[in-house]
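Coordinates in review
The residues making up each chain are set out below.
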Amino acid sequence: MIPGARLVLLGRQGAGKGTQCVRLSRHYVIPHISTGDMLRSAVKEGTEFGLKAKEIMDRGELVSDEIMGGVVDERLRSDDTHNRGYILDGFPRTVGQAELLAEITQHKPLDLVIDLVVPVDVVLERLAARRVCTDCATNYSVDNPPRYGWVCDNCGGEVVQRADDTPEAIQKRLDLYERETTPLIAYYQERGLLAEVDGLGSADDVTARLVDAIDERRRRSGASSPS
Ligand code: AMP
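Quick notes on the rules
- Residues numbered from 1 in each chain as written.
- Predicted model: local features only at pLDDT ≥ 70, side-chain atom pairs only at ≥ 80, totals over all residues.
- Heavy atoms only, no water.
- Salt bridge = Lys/Arg side-chain N within 4 Å of Asp/Glu carboxyl O.
- Buried < 20%, exposed > 50% of the residue type's maximum accessible area, 1.4 Å probe, protein only.
- Helix = DSSP H or I, 4+ residues; strand = E, 2+ residues; numbered from the N terminus.
- Near = heavy atom within 4 Å.
- Polar contact = N/O pair within 3.5 Å; in protein donor to acceptor, adjacent residues only side chain to side chain.
- Nonpolar A, V, L, I, M, F, W, Y, C, P; charged D, E, K, R; others polar.
- Axes fitted to C-alpha atoms, helices over the stretch in contact; angles between N-to-C directions.
- Parallel < 35°, antiparallel > 145°, perpendicular 65-115°, else oblique.
- Left-handed = near helix turned anticlockwise from the far one by under 90°.
- Contact = heavy atoms within 4.5 Å.
- Pairing = 2+ DSSP bridges.
- Arc of directions from axis to C-beta.
- Disulfide = S-S within 2.5 Å.

1. Structural notes on the pattern of salt bridges
- Using the criterion set out here, one finds 21 salt bridges in the structure.
- Residue R59 is joined to E61 by a salt bridge in which the shortest nitrogen-to-oxygen separation is 3.1 Å.
- We classify E61 as partly exposed; its relative accessible area is 33%.
- As a salt-bridge pair, R130 and D165 come within 3.0 Å of each other at their nearest N and O atoms. Residue R130 is located in strand β5 (residues 130–133), and its partner D165 is located in the loop between β7 (159–160) and α8 (167–181); the two are separated by 35 residues in the primary sequence. In this structure, R130 and D165 share a single accessibility class: buried.
- Taken together, the shared-partner salt bridges in this structure form one network comprising R130, R162, D164, D165 and R173.

Structural data, given as structure tokens:
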């Protein structure tokens, strides 16, 4: 049986985290937990929480650490993550969130945190071209659209540009990433948990590099299961 894993993927908006997390989730048979996707489904459901989150997200700002910590804590208590592990995408985003995650995972610590490295000029191009399914969150781009019109190949949902992929919100999110999220690289490096992976090139090449980094980590730690 394929052993599970407890992973975090860091990287700028547009680095390819969403695409790669879906692939890693299939490869290691672990749930892909994207806090952005969780918030977007709350927005879609029109819950009170979703409406508040929408305003923050559309401005390109961050939802508070307490709220996000609560959302992730609840998700990591479910059976699937408990048994197999997970890949976290978009969380943690601040040192405060990393500290909350350390508390949440104290009995089953992370195996590896990967920084997917892509230069700013490349992510700006990718974000301008990015399109996403409003139902299942599959990523597309204007250069790699769905087969039929803007209808998702995966679920038939509508494929659109994200409301927060405007030039102003993109700039704000990238600035916030530099300020709030890049300190996590040093945070995880100090704890011996970080691997840097080049995010340039084809999606297949990047997946192969990620799998190498994860498998190398497993070999070194001798881990065969996430328990
Ligand atoms: P993403 O899809 O990861 O780019 O997230 C979209 C938006 O959701 C972000 O710009 C934030 O407004 C919000 N968000 C997602 N994850 C977090 C988080 N861990 N902490 C705070 N806000 C978040």
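2. So, the site of the ligand
- In the vicinity of the ligand there are 16 residues, among which T35, R40, E61, G90 and Q97 approach most closely.
- A distance of 2.5 Å separates an oxygen atom of the ligand from a polar backbone atom of E61.
- A distance of 2.9 Å separates a nitrogen atom of the ligand from a polar side-chain atom of Q97.
- The element contributing the most residues to the shell around the ligand is helix α2 (residues 35–45), with four residues.
- A per-class count over the shell around the ligand returns six nonpolar, four polar and six charged.

3. Thoughts on the packing of helix α1 (residues 17–28) against helix α10 (residues 203–221)
- The N-to-C vectors of α1 and α10 enclose an angle of 50°; their axes lie 10 Å apart at closest approach. Taken together, the axes of α1 and α10 are oblique relative to one another. Considering only the axes of α1 and α10, their crossing is right-handed. Contact residues: Q20, R23, L24, H27 and Y28 in α1; A203, D204, V206, T207, L210, V211, I214, D215 and R218 in α10.
- Classifying every residue of the contact of α1 with α10 by side-chain character gives seven nonpolar, three polar and four charged.

4. Some points on the side chain of S141
- Looking at the element boundaries, S141 is found in strand β6 (residues 139–141).
- Here S141 falls in the buried class, since its relative accessible area comes to 17%.

5. Points about the pairing of β5
- Here β5 shows a buried face lined by R130 and V132 and a second buried face lined by R131 and C133.
- Here β5 pairs with β7 via two bridges, running antiparallel. By the bridge assignment for β7, V132 is matched with V160.

6. Some thoughts on α2
- For α2, every residue scored as buried is listed here: T35, G36, L39 and A42. Along α2, the residues classed as buried sweep out an arc of 125° about the axis, all on the same side. Exposed residues pointing more than 90 degrees away from the buried face of α2 are listed as K44 and E45.
- Looking one or two residues past α2, G46 carries a phi angle of roughly 75°, positive in sign.

7. Considerations on the sheet that holds β7
- If you walk across this open sheet you meet the three strands as β6-β5-β7, and the pairing is antiparallel. Of all the strands in the sheet, just β6 and β7 have a single pairing partner and so form its edges.

8. Quick notes on the pairing of strand β1 (residues 5–10)
- Burial of β1 is extensive: six of the six residues sit out of reach of the surface.
- Residues A5, L7 and L9 of β1 are buried on one face, and the alternating residues R6, V8 and L10, pointing to the opposite face, are buried as well.
- Sheet topology note: the β1/strand β3 (residues 85–89) ladder contains five bridges and is parallel. Its bridge partner lying in β3, R6 is registered against Y86.

9. Some points on the state of the cysteines
- The final tally for this structure, using the stated rule, is zero disulfides.
- C155 supplies the cysteine sulfur nearest to C133, a cysteine that is in no disulfide, at a spacing of 3.6 Å.
- Of all cysteine sulfurs in the structure, the one in C136 sits closest to C152, which takes part in no disulfide; the separation is 3.7 Å.
- Judged by relative accessible area, which is 4%, C152 ranks as buried.

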